[in-house]
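Examination of the molecular architecture
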Amino acid sequence: MIRSVAKGAGSYLPERILTNGELAKMVDTSDEWIQERTGIRQRHIAAENEKTSDLGEKAARRALKDAGIEASEVDLIVLATATPDRTFPATATRIQARLGITHGAAFDVQAVCTGFIYAMATADNFLKSGQFKTALVIGAETFSRILDWEDRTTCVLFGDGAGAIVLQAEEVENPSNQDRGVLDSYLRSDGRHGDLLYVDGGPSSTQTVGHLRMAGREVFKHAVVNIAEAIEKSLEHTGLTIDDVDWFVPHQANQRILTATARRIGLPDEKVVTTVSKHGNTSAASVPLALVEALRDGRIKKGDLVLMEAMGGGFTWGSALVRW
Ligand code: UT7
């Protein structure tokens, strides 16, 4: 059987930091409100000439370096983004070209904040089927470009960034949940809730890019329930329990959601990787950004069981269990 094994990871945050204090000069908000309600202290904002492909390329190059794998070995790029450089072509193909890759396939997936989980599941299934051997899975976003900077209920929450991992197909005899690789991914969506978190523009409707709109309190309520459901499913599918999980790497939307979820599933705070204070909600980039931080500071080690989850517009939500 084939397993998709993680070989390396990398991330990138734009240089410019926007603090809560600076935001308080732009809209009617305060550092105190933002920290208390969300845990966010600052977010990174892409430079004017910096696009999603630039962020994604930097994260991808760092992931390849970490993996010790040449770009020429990559035959699949799956990029999760809701903020592509252009409506088409797929931003993944721009990154593919910049990495000098002229074989294989590259495409974007659109599941907003759940994008990285969807992209990883997609790559995992292609690798397991034998169709591709080495995949770059990237989450990259420039949400600063779709925010309404006069809407205090949303503009304080999001930021820009990118993260990537390299997955490689490996043959495993009689695989168990102790072997390395993606053990399970669980994907869900329910389009009935599309109007609770969306962008009010698009090529086919307004011919504009539009701005992000969110009914925050409603999304919050769904998030905690949906995330817990996804985690239960992933554990059930693998026969593992919450006590087997070494590290919980959740989507970084709101500290209160992370705390409530960890409590609901019975995970101690020490196992939760939290980076939301440093970069806010970076949508599809948030899971790999947190993952890379915990890899770099030595928390996540080879062989550790990592539980990831996310929830976002659509609604979409999902989880993944990876033996790193
Ligand atoms: O990644 C995709 C998933 N997204 C999420 O998971 C986001 C989920 N939602 C949330 O994180 C939270 O609902 C928010 C952080 C968006 C809002 O927190 P909340 O505790 O649900 O606050 P609220 O929306 O109930 O608003 C409370 C009050 C309101 O005032 P009134 O009506 O009580 O007078 C808001 O107008 O806070 C006000 N408010 C603000 N005040 C200062 C809303 N935004 C701000 C702000 N600064 N930036």
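Everything quoted here is computed from the prediction, not taken from an experiment. (Residues numbered from 1 in each chain as written. Predicted model: local features only at pLDDT ≥ 70, side-chain atom pairs only at ≥ 80, totals over all residues. Heavy atoms only, no water.)

1. Some words on the side chain of Ser277
Summarising the element assignment, Ser277 is placed in helix H9 (residues 276-279). Ser277 gets classed as buried once you look at its relative accessible area, which sits at 18%. Setting aside anything within four residues of it in sequence, one finds Ser277 in contact with Gly39, Ile40, Arg41 and Gln42. (Helix = DSSP H or I, 4+ residues; strand = E, 2+ residues; numbered from the N terminus. Buried < 20%, exposed > 50% of the residue type's maximum accessible area, 1.4 Å probe, protein only. Contact = heavy atoms within 4.5 Å.)

2. Observations regarding the sheet that holds strand E13 (residues 316-323)
With mixed pairing, four strands are arranged side by side in an open sheet as E8-E13-E12-E11. Pairing within the sheet leaves two strands with one partner each, and these edge strands are strand E8 (181-189) and strand E11 (247-250). Pairwise comparison of adjacent strand axes, ignoring direction, gives a mean angle of 15 degrees for this sheet. With eight bridges joining them, E8 and E13 adopt antiparallel strand pairing. When the bridges of E13 are listed, Ser185 appears paired with Ala320. (Pairing = 2+ DSSP bridges. Axes fitted to C-alpha atoms, helices over the stretch in contact; angles between N-to-C directions.)

3. Regarding unusual backbone geometry
Put simply, Phe88 and Pro89 share a cis peptide bond, and its omega is 5 degrees. Of note, Pro89 is situated in the loop between strand E4 (76-80) and helix H4 (91-98). Unusually for a residue other than glycine, Gln207 sits at a positive phi of about 60 degrees. Assignment of secondary structure puts Gln207 in the loop between strand E9 (197-199) and strand E10 (212-214). Among the residues examined, Gln207 registers a relative accessible area of 61% and is labelled exposed.

4. With respect to the site of the ligand
Close to the ligand lie 23 residues, the nearest being Thr29, Arg152, Arg217, Asn254 and Asn281. Between the ligand and the protein, one listed contact pairs a nitrogen atom with a side-chain N or O atom of Thr29 at 2.7 Å. In this structure, Gly216 approaches the ligand through a main-chain N or O atom, which is 3.0 Å from a nitrogen atom. Burial of the ligand by the protein chains amounts to 76% of its free accessible area of 950 Å². Elements with a minimum of two residues in the shell around the ligand: helix H2 (31-38), helix H6 (152-155), helix H7 (216-238) and helix H8 (255-265). (Near = heavy atom within 4 Å. Polar contact = N/O pair within 3.5 Å; in protein donor to acceptor, adjacent residues only side chain to side chain. Areas by Shrake-Rupley, 256 points an atom, 1.4 Å probe, with all protein chains shown as cover.)

5. Examining the nonpolar core
Generally speaking, nonpolar side chains in soluble globular proteins are found buried as a group. Ranked by size, the top nonpolar core spans 45 residues in total, and within it Ile231, Ile242, Ile265, Leu307 and Leu321 carry the most contacts. Of the residues forming this core, the biggest block, eight residues, is contributed by H7. For this core, the two domains that each supply at least three residues are domain 1 (2-171) and domain 2 (181-323). Other than its neighbours up to four places away in sequence, Ile231 contacts Ile242, Phe248, Thr261, Ile265, Leu307, Glu309 and Ser319. (Core = buried A, V, L, I, M, F, W, Y, C linked by side-chain atoms within 4.5 Å. Domains from an automatic or database assignment.)

6. Considerations on the pattern of salt bridges
Any two side chains of opposite charge can pair, on the condition that their charged atoms come close. Summed over the entire model, instances satisfying the criterion amount to 16 salt bridges. The residue Glu22 makes a salt bridge to Arg16 at a minimum N-O spacing of 3.1 Å. We classify Glu22 as partly exposed; its relative accessible area is 27%. Accessibility expressed as a relative area gives 41% for Arg16, which makes it partly exposed. The partner of Arg98 in a salt bridge is Asp54, with the nearest N and O atoms 3.3 Å apart. With Arg98 in helix H4 and Asp54 in helix H3 (residues 52-67), this pair connects stretches of sequence that are 44 residues apart. Taking the relative accessible area as the measure of exposure, Arg98 reaches 31% and is therefore partly exposed. Residue class for Asp54 comes out buried when judged on its relative accessible area of 18%. One network of salt bridges, with partners in common, ties together Asp54, Glu57, Arg61 and Arg98. (Salt bridge = Lys/Arg side-chain N within 4 Å of Asp/Glu carboxyl O.)

7. Quick word on the packing of aromatic side chains
Applying the stated criterion across every chain yields a total of three aromatic pairs. Centre to centre, the rings of Phe107 and Phe126 are 6.2 Å apart; their planes meet at 70 degrees, and the pair counts as edge-to-face. Of the two residues, Phe107 sits in strand E5 (residues 105-109) while Phe126 sits in helix H5 (residues 115-129), which places them 19 residues apart along the sequence. The exposure class assigned to Phe126 is partly exposed, which follows from its relative accessible area of 26%. A connected cluster of aromatic rings, assembled from ring pairs, spans Phe107, Phe126 and Phe132. (Phe/Tyr/Trp six-rings, centres within 6.5 Å; stacked < 30°, edge-to-face > 60°.)

8. Observations regarding the domain arrangement of the protein
Per the domain assignment, the segments making up the protein are domain 1 (2-171) and domain 2 (181-323). For domain 1 versus domain 2, the separation of C-alpha centres amounts to 14 Å. Counting residues at the interface gives 50 residues for domain 1 and 50 residues for domain 2. Regarding the contact of domain 1 and domain 2, the summed buried area is about 3800 Å², with carbon and sulfur atoms giving 65% of it. For the domain 1 face of the interface with domain 2, the top three residues by lost area are Cys113, Ile117 and Ile146, together amounting to 17%. For the pair domain 1 and domain 2, the number of links is two salt bridges. Asp148 is the partner of Arg213 in a salt bridge, and the nearest nitrogen-oxygen pair spans 3.0 Å. If you look at where domain 1 meets domain 2, you find 19 residue pairs in polar contact (both at pLDDT 80 or more). Broken down by secondary-structure element, the contributors of at least two residues to the side of domain 1 that touches domain 2 are strand E1 (2-12), H2, strand E3 (42-45), H5, strand E6 (134-142) and strand E7 (160-171). Considered class by class, the residues forming the side of domain 1 that touches domain 2 number 24 nonpolar, 15 polar and eleven charged. (Buried area = accessible area lost by both parts, 1.4 Å probe. Nonpolar A, V, L, I, M, F, W, Y, C, P; charged D, E, K, R; others polar.)

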